[in-house]
Amino acid sequence: MIKQLTPLIPDYELIDCGDGEKLERFGDYVVRRPEPQAIWRKSLGDRAWREADASFLRDSRSEERGEWRLKPQMPSRWSVTYNYKDMHLCMRLALTSFKHVGIFPEQAANWMFIYDTIEELRQGGIEHPKVLNLFAYTGGASLAARAAGGDVTHVDSVKQVVTWSRENMEHSSLDGIRWIVEDATKFVEREVRRGNRYNGIILDPPAYGRGANGEKWVLEDDICHMLECCAQLLEPHNAFLVFNLYSMGLSSMLARTAVHQAFGAPQTEQMGELYFEDRSHKQIPFGTYYRFRR
């Protein structure tokens, strides 16, 4: 099933986008960041954009890095919340040199799926479904899985990001997540050798990355091996997969084909784009997703 998803998050709003930028509200603060997919014109005037509390200025020597220009009222850290059923998440945000702020709000659509799926698995007799979150960043999906009662293993290669995730867990009044600072590929290879199994796997790989010891990750080169390892780790029944892609040009159909080759055809599946709409009704995708149940 192809389904485009846009979550409702009161603490987030896409205000405007265009001319290679996006203007967003996270809680009480407005942030201006580059957005290469915003190929159309801005709808709001220059004044609205100049009033942003924080604006990211890209370094001319780097495609990814840059620095922030801040208004006096802009704090170095702040928090946003997200509530769904009995899940109450509190995520700490900060301005990083890679233009990120510590949350991908479009992923709330997957957080709901993860929460609901784990609840159903528990109602079906699996008391604490085992969930593996790879390339887990600041842990929104880990928190959703834990809030639903999952036994969660969170893997990321950057120690500072794992520390950030732990803070988010504590701010959300949760505990018990297993933290792993390691290259994701090395971790899943070891789990395969150990014969471990999981009821859920969340896979959120970047286009490029480095492991804890400098291991190189290139999505197009490495994703098939990663999926093959994950296929050996996922339980054959009472299980789910969430797979996200952020690279421009990679569609959910490509994700579906790669997953089917590694896992086989699932019982039920969904795929599509995760997107938001700005105040002028311009829609922009922030990533593609593929997920299944079996």
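Residues numbered from 1 in each chain as written. Predicted model: local features only at pLDDT ≥ 70, side-chain atom pairs only at ≥ 80, totals over all residues. Heavy atoms only, no water.

1. Concerning the overall build of the protein
Okay, step 1: Counting its regular elements, the protein contains 7 helices and 16 strands.
Okay, step 2: A compact globule built from 294 residues would reach a C-alpha radius of gyration of about 19 Å, and the protein, at 19 Å, matches this within 12%.
Okay, step 3: Across its three principal axes, the protein shows a C-alpha extent of roughly 55 × 40 × 40 Å.
Okay, step 4: Counting every position in the protein, which comprises 294 residues, the buried fraction comes to 53%.
Okay, step 5: Taking contacts inside the protein between residues at least 6 apart in sequence as the whole, the part at least 24 apart equals 61%.
Okay, step 6: Carbon and sulfur atoms make up 48% of the accessible area of the protein, which amounts to about 14,000 Å² in all. (Helix = DSSP H or I, 4+ residues; strand = E, 2+ residues; numbered from the N terminus. Rg over C-alpha atoms; globule rule 2.2 N^0.38 Å. Buried < 20%, exposed > 50% of the residue type's maximum accessible area, 1.4 Å probe, protein only. Contact = heavy atoms within 4.5 Å. Areas by Shrake-Rupley, 256 points an atom, 1.4 Å probe, with all protein chains shown as cover.)

2. Brief notes about the layout of surface pockets
Okay, step 1: The space that makes up the second largest pocket amounts to roughly 180 Å³.
Okay, step 2: Residue lining of the second largest pocket: Thr-6, Pro-7, Leu-8, Ile-9, Tyr-12, Glu-13, Leu-14, Tyr-275, Phe-276, Glu-277, Asp-278 and Arg-279, and that is the complete set.
Okay, step 3: Contributing elements (two or more residues each) for the lining of the second largest pocket: strand E1 (12–18) and strand E15 (268–277).
Okay, step 4: In the lining of the second largest pocket, the residues fall into 7 nonpolar, 1 polar and 4 charged. (1 Å grid on protein atoms, 1.4 Å probe; cavity = no way out; pocket = protein on both sides within 12 Å on 5 of 7 lines; lining within 4 Å. Points joined across faces, edges and corners; volume = space filled by probe spheres on them. Nonpolar A, V, L, I, M, F, W, Y, C, P; charged D, E, K, R; others polar.)

3. Description of the packing of aromatic side chains
Okay, step 1: If you walk through the whole model with that rule in mind, you get 13 aromatic pairs.
Okay, step 2: Taking 6.2 Å as the distance between ring centres and 80 degrees as the angle between the ring planes, the aromatic pair formed by Phe-113 and Phe-240 counts as edge-to-face. Highlighted residues: Phe-113 in helix H2 (residues 108–123) and Phe-240 in strand E14 (residues 240–245), separated in sequence by 127 residues. The pair formed by Phe-113 and Phe-240 is uniform in burial state, with each residue classed as buried.
Okay, step 3: On the numbers, 6.3 Å between centres and 70 degrees between planes, the contact of Tyr-290 with Phe-292 is edge-to-face. Here Tyr-290 and Phe-292 have matching classes, each one buried.
Okay, step 4: Here a set of aromatic residues connected by ring pairs shows up, and it is made of Tyr-12, Phe-26, Phe-276 and Phe-286.
Okay, step 5: The side chain of Lys-130 reaches across the aromatic face of Tyr-198, ending 4.9 Å from its centre. (Phe/Tyr/Trp six-rings, centres within 6.5 Å; stacked < 30°, edge-to-face > 60°. Lys NZ or Arg CZ within 6 Å of the ring centre and 35° of its normal.)

4. Let's talk about the side chain of Gln-270
Okay, step 1: Here Gln-270 is to be found in strand E15.
Okay, step 2: Among the residues examined, Gln-270 registers a relative accessible area of 18% and is labelled buried.
Okay, step 3: In this structure the side chain of Gln-270 is engaged in a polar contact, spanning 2.8 Å, whose partner is the side chain of Arg-291.
Okay, step 4: Residue contacts for Gln-270: discarding those within four places in its chain leaves Met-1, Lys-3, Tyr-289, Tyr-290 and Arg-291. (Polar contact = N/O pair within 3.5 Å; in protein donor to acceptor, adjacent residues only side chain to side chain.)

5. Some details on the packing of helix H6 (residues 219–233) against helix H7 (residues 252–263)
Okay, step 1: Where H6 contacts H7, the axes come no closer than 8 Å and their chain directions differ by 50 degrees. By the angle between their axes, H6 is oblique relative to H7. Classified by chirality, the crossing of H7 by H6 is right-handed. Contacts between H6 and H7 pair Leu-227, Glu-228, Cys-230 and Ala-231 from the former with Ala-258, Val-259, Ala-262 and Phe-263 from the latter.
Okay, step 2: Considered class by class, the residues forming the contact of H6 with H7 number 7 nonpolar, no polar and 1 charged. (Axes fitted to C-alpha atoms, helices over the stretch in contact; angles between N-to-C directions. Parallel < 35°, antiparallel > 145°, perpendicular 65-115°, else oblique. Left-handed = near helix turned anticlockwise from the far one by under 90°.)

6. Comments concerning the sheet that holds strand E9 (residues 151–156)
Okay, step 1: The 7 strands lie next to each other as E10-E9-E8-E11-E14-E16-E15, forming an open sheet whose pairing is mixed. Across the chains shown, the open sheet's two edge strands, defined by having one partner strand only, are strand E10 (178–181) and E15. Recorded for the sheet is a direction-independent mean angle of 15 degrees between the axes of neighbouring strands.
Okay, step 2: Strand direction decides the pairing type here: strand E8 (residues 130–134) and E9, joined by 5 bridges, are parallel. Bridging across to E9, Lys-130 finds its partner in Asp-151.
Okay, step 3: Packed onto the sheet, helix H3 (residues 140–147) meets E8, E9 and strand E11 (200–203) and runs at close to 170 degrees relative to E9. (Pairing = 2+ DSSP bridges.)

7. Re the packing of helix H5 (residues 184–194) against H6
Okay, step 1: Packing of H5 against H6 brings their axes to within 9 Å, and their N-to-C directions diverge by 35 degrees. Regarding H5 and H6, the two cross each other, and that crossing is left-handed. Along its contact with H5, which presents Ala-184, Thr-185, Val-188, Glu-189, Glu-191 and Val-192, the element H6 presents His-225, Met-226, Cys-229, Gln-232 and Leu-233.
Okay, step 2: For the contact of H5 with H6, the class distribution of residues is 6 nonpolar, 3 polar and 2 charged.

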